[in-house]
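# Structural overview
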Amino acid sequence: MGEIVDHLLELSQLEAGTVVPERTVFDIAPLLRDVASMHQPIANRQGLALQVHAENLCVHTDARLLQRVLVNLVSNALRYTEHGEVRLTAHQVGDAVEVCVRDTGIGMNAHALEHAFEAFYQVANPARDSRMGHGLGLAIVKGLSDLLHLALRVESSPGQGSCFTLHLDLAPATTAATETAAARGAEPQADRLKGRRVLVLEDHLPSSDAMALLLRGWGCEVWQAVSAREAVAQAVAGRMPEFVI
């Protein structure tokens, strides 16, 4: 329910025109690796290869909103891919940078392609199983892509997978003196969190296990506790975390 509310809020903000891009110049390759590292535990669990092939190219756009687009595309690709791989690529095409998210999933027919970016539309989920998402991710992708002028397009066919392509403005290589906070925020999560000690305090075990799996995928040392009493007992025994979730 929380995810649905978050997505609906994001859609309403896009439709109301209240989302204002903060464009900066940054290297696209670290951002793609960051998105991949966020999803690596999921890919590992499903037995899928998640690969990044990106040239070190500077682009001029909003790093945070672009990351949101890519997160939704990769998440969607993993959801509808049972075998094979999901691949993120970035290379120069003329005076632009072409970014692709390609999968070997179930693909879409012509009818599905026409409706793919509509809110609540889903392929191969007639029972509305919430584990397959809610049909809002691609609608957000379309809204953000239009806002950032990313020239979003998709190619797909049943049983052959899908490829979502974005085009970004190529920018001159940035220097350390002109890097912004948004650009620095594109460094991989794993680099920032590797080796940090984190306590997950949660009495709902599936949620606790999911959070622990994600954090371990980023290289964290993770402990779990179901109550404050248990957390304090762990600390007294020498397990002192740097962060508590």
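In this report, we go over the structure that sits alongside the text.

Tracing the backbone shows leucine 136 in the loop between α4 (110-115) and α5 (137-148). When the C-alpha positions of leucine 136 and alanine 116 are compared, they lie 9.9 Å apart, and in sequence the two are 20 residues distant.

Moving on, we get to the sheet that holds strand β2 (residues 49-54). The mixed open sheet is built from five strands, whose spatial order is β2-β4-β5-β7-β6. The open sheet is flanked by β2 and β6 (153-156), the only strands paired with a single partner. Between one strand and the next, the sheet's axes are offset by a mean angle of 15 degrees, whatever the strand orientation. Sheet strands touched by helix α3 (residues 63-79): β2, β4 (85-93), β5 (96-103) and β7 (162-169). Its angle to β5, the strand with the most contacts, is close to 25 degrees.

Attention now moves to the sheet that holds strand β8 (residues 197-201). Spatially, β9-β8-β10 is the arrangement adopted by the three strands of the open sheet, whose pairing is parallel. Each end of this open sheet is capped by a strand with a single partner; those strands are β9 (221-225) and β10 (243-244). Sheet analysis places β8 next to β10, joined by two bridges and oriented parallel. Bridge pairing in β10 places leucine 199 opposite valine 244.

What follows concerns the pairing of β5. Burial within β5 is extensive, with seven of its eight residues counted as buried. Relative to β5, β4 is paired through eight bridges, and the arrangement is antiparallel. Bridge pairing links valine 86 to aspartate 103 in β5. Once β4 ends, the chain turns through two residues before running back antiparallel as β5, passing glycine 94 with a positive phi of about 65 degrees. Here β5 pairs with β7 via seven bridges, running antiparallel. Its bridge partner being in β7, glutamate 98 is matched across the sheet by histidine 167.

The rules behind each value
Residues numbered from 1 in each chain as written. Predicted model: local features only at pLDDT ≥ 70, side-chain atom pairs only at ≥ 80, totals over all residues. Heavy atoms only, no water. Helix = DSSP H or I, 4+ residues; strand = E, 2+ residues; numbered from the N terminus. Pairing = 2+ DSSP bridges. Axes fitted to C-alpha atoms, helices over the stretch in contact; angles between N-to-C directions. Contact = heavy atoms within 4.5 Å. Buried < 20%, exposed > 50% of the residue type's maximum accessible area, 1.4 Å probe, protein only.

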